[in-house]
Amino acid sequence: MGQLIRSALLVVACSLLPAAASACLVCIDLPDESLADRVMEAQAVALLRPSPDDPFRYVPVAFLKGGPDLPPVPFLVSRTAAAALAADPTAVTVGVFAVGSWSLHDQGTAALGDALRAALAADLSTPEARLAFFGPLAVHPDPAVQQMALIELAGLSYPVLRQARSRPSRREVAGRAFDPLWSQWAPVMIMLLGTSDDPEDVRFVRAAVDRLAAAGHTTDLAAWSTALIEVDGLAGLDALQRRFIDLPDLSASTIRALAVAMADHATRRDPVGDAALAALVELGETRPEAAGYLARALMDREDWSQAKRLAQLQDAGSIADPA
């Protein structure tokens with residue numbers, strides 16, 4: 001193996017292990033850890049409410065983990081939190097004790113505490129186990145439970161995520177996709193919708209991509225493109241080619257969004273995955289914005305066929321992406 005190939009493999013391996021296969025590329029803006037992760041790593045976890053003696057001081061009303069022999073919770077209850085907790089006598093704030101101090105986390109209904117209890121008792125040792133546990137919670141009516149679940153699902157590789165059996169409704173996705181408070185969670189919700197075989201959901205995904213193409217917008221384009229390939233397979237790849245890639249003067253953000261969608265599907269070991277990889281290779285040949293995603297997809301597939309070409313592009317200064 002020549003020096004160029006060895007250099008390319010070293011760059012790819014050092015920068016991508018183990019992150020490349022750890023999460024779908026569309027969801028990289030979400031936090032690395034969910035509330036469930038923090039709870040499982042903590043020394044103690046308590047459900048907090050305002051003290052009966054001082055409504056602006058938190059006190060534990062139940063411990064999910066650890067015991068009561070801990071320092072008092074030092075945080076004041078904000079007026080907003082106090083009003084929300086007063087409105088629902090079952091509502092709680094989650095307090096986590098770790099590294100010698102308390103921290104406050106999500107606030108939710110009693111269902112949040114129930115979900116965390118179940119998570120602490122569950123076997124979450126494999127990606128498939130996490131999908132089985134958190135998948136149904138992705139449509140939970142408590143926003144805190146739902147957001148926790150969505151972060152966990154976003155941490156799965158796309159081949160695992162696409163096996164999900166619970167997904168948000170079209171109405172909910174349409175609302176969340178344009179809600180600034182849900183902008184971080186919208187991509188994974190869109191991709192979950194893409195796993196539906198409901199004809200109306202399929203039409204909804206196609207229409208969303210058409211609207212983005214017509215308007216020239218790239219908001220959540222990576223997620224919608226991933227969903228389109230999921231629902232339409234090879235035809236979805238062809239549609240993206242016609243609507244975006246064949247157009248002149250594509251923006252760098254559009255190229256990156258399309259490359260992300262292709263890279264997520266390129267991990268599949270089927271004709272759609274092979275076609276997505278081929279399209280990504282072609283895109284990476286002409287657009288340096290796609291090269292990093294191509295490298296990640298090749299790494300996931302243990303495919304070194306493009307190593308020499310990527311090294312040549314890198315040596316020529318055509319690739320800015322460190323991956």
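Look a little higher up for the structure.
Remember, it's a predicted structure, so these values are computed and weren't measured experimentally.

Quick look at the overall build of the protein
- Looking only at helices and strands, the protein has 16 helices and 4 strands in total.
- Here the protein, with 323 residues, has 48% of them falling under the buried criterion.
- The contacts in the protein between residues at least 6 apart in sequence include a share of 64% that link residues at least 24 apart.
- A total accessible area of about 15200 Å² is found for the protein, and carbon and sulfur atoms account for 55% of it.

Digging into the environment of Pro55
- Within the element layout of this structure, Pro55 appears in the loop between β1 (44-50) and β2 (58-65).
- If near-sequence neighbours (up to four positions away) are discounted, Pro55 is found in contact with Pro50 and Val77.

Quick notes on the pattern of salt bridges
- Under the definition given, this model contains 13 salt bridges.
- Between Glu172 and Arg176 there is a salt bridge, with the nearest N and O atoms lying 3.7 Å from each other. Note that Glu172 and Arg176 are positioned in helix α8 (residues 170-177) at a spacing of 4 residues, about one turn of the helix.
- A relative accessible area of 23% means that Glu172 is categorised as partly exposed.
- Measuring nitrogen to oxygen at the nearest pair gives 4.0 Å for the salt bridge that ties Arg268 to Glu230. With Arg268 in the loop between α13 (252-266) and α14 (271-286) and Glu230 in helix α11 (residues 221-232), this pair connects stretches of sequence that are 38 residues apart. Grouping residues by exposure puts Arg268 and Glu230 together as buried.

A closer look at the nonpolar core
- Counting residues in each nonpolar core, the largest one holds 84 residues, and the members touching the most others are Val94, Leu116, Phe134, Leu150, Leu153, Trp224 and Leu280.
- With 9 residues, the single largest contributor to this core is α13.
- Judged by nonpolar contacts, the second largest core, of 13 residues, contains Ala46, Leu70, Val73 and Ala91.

Digging into the sheet that holds strand β3 (residues 92-98)
- Ordered in space as β2-β1-β3-β4, the 4 strands form an open sheet in which the pairing is antiparallel. In the strand order of this sheet, the two ends are held by β2 and β4 (101-108), each with one partner. Taken over all neighbouring pairs, the strand axes of this sheet differ in orientation by 30° on average, direction set aside.
- With 6 bridges connecting them, β1 and β2 associate as antiparallel partners.

So, the packing of helix α9 (residues 186-193) against α11
- Orientation of α9 relative to α11, taken along the N-to-C sense of each, is 10°, at an axis distance of 8 Å. Looking at the two axes, α9 sits roughly parallel to α11. Along the contact surface, α9 presents Pro187, Ile190 and Met191, while α11 presents Ala223, Trp224, Thr226 and Ala227.
- When the residues that make up the contact of α9 with α11 are grouped by side-chain class, the tally is 6 nonpolar, 1 polar and no charged.

Some words on the pairing of β1
- With 6 of 7 residues buried, β1 is to be regarded as a mostly interior element.
- The pairing of β1 with β3 spans 5 bridges and is antiparallel. The residue bridging Val45 from the neighbouring strand is Val96, located in β3.

Quick word on the packing of α8 against helix α10 (residues 199-215)
- Where α8 meets α10, the closest approach of the two axes is 11 Å, and the angle between their N-to-C directions is 25°. Judged by the inter-axis angle, α8 sits roughly parallel to α10. Residues Arg170, Val173 and Ala174 of α8 pack against Glu200, Asp201 and Phe204 of α10.
- For the contact of α8 with α10, the residue count by class is 3 nonpolar, no polar and 3 charged.

Thoughts on the environment of Leu294
- Looking at where Leu294 falls in the secondary structure, it is placed in helix α15 (residues 291-301).
- Remark: the alpha-carbon pair of Leu294 and Gly284, spanning 10 residues in sequence, is separated by 6.6 Å.
- With residues up to four places along the chain from it excluded, the contact list for Leu294 reads Leu277, Leu280, Val281, Gly284 and Leu310.

Digging into the environment of Gly95
- Turning to its location among the elements, Gly95 is positioned in strand β3.
- According to the relative accessible area criterion, Gly95 is buried, its value standing at 0%.
- C-alpha separation for the pair Gly95 and Tyr58, spaced 37 residues apart in sequence, amounts to 9.2 Å.
- Ignoring sequence-local partners within four residues, the contact set of Gly95 consists of Ala44, Val45, Ala46, Leu48, Trp102 and Ser103.

Conventions used here
Sequence order as written defines the numbering, with residues in each chain counted from 1. Side-chain atom pairs in this predicted model are given and counted only at pLDDT of 80 or more, local residue features only at pLDDT of at least 70, and totals for whole chains, interfaces and linings cover all residues. The side-chain numbers reported here are obtained from all heavy atoms of the structure, hydrogens and water having been left aside. A run of H or I in DSSP becomes a helix once it reaches four residues, and a run of E becomes a strand once it reaches two; helices and strands are each numbered from the N terminus. A 1.4 Å probe rolled over the protein chains alone gives each residue an accessible area, and that area as a share of the maximum for its type sets the label: buried under 20%, exposed over 50%, partly exposed in between. In this description, contact between two residues means that some pair of their heavy atoms is separated by no more than 4.5 Å. For every accessible area listed, the method is Shrake-Rupley and the probe measures 1.4 Å; residues are considered covered only by the protein chains on display. Every case where a carboxyl oxygen of Asp or Glu lies within 4 Å of a side-chain nitrogen of Lys or Arg is listed as a salt bridge. In plain words, nonpolar cores are sets of buried Ala, Val, Leu, Ile, Met, Phe, Trp, Tyr and Cys residues tied together by side-chain atoms within 4.5 Å. A strand pair is defined by DSSP finding two or more bridges across the two strands. To get an axis, a line is fitted to the C-alpha atoms, and for a helix only the part in contact is used. The angle between two axes follows their N-to-C directions and goes from 0 to 180 degrees. Should an angle lie under 35 degrees it is considered roughly parallel, over 145 roughly antiparallel, and from 65 to 115 roughly perpendicular; all remaining angles are considered oblique. Three classes are used: nonpolar for Ala, Val, Leu, Ile, Met, Phe, Trp, Tyr, Cys and Pro, charged for Asp, Glu, Lys and Arg, and polar for all others, with Gly counted as polar.

As far as function goes, none of this settles anything; it's purely spatial.
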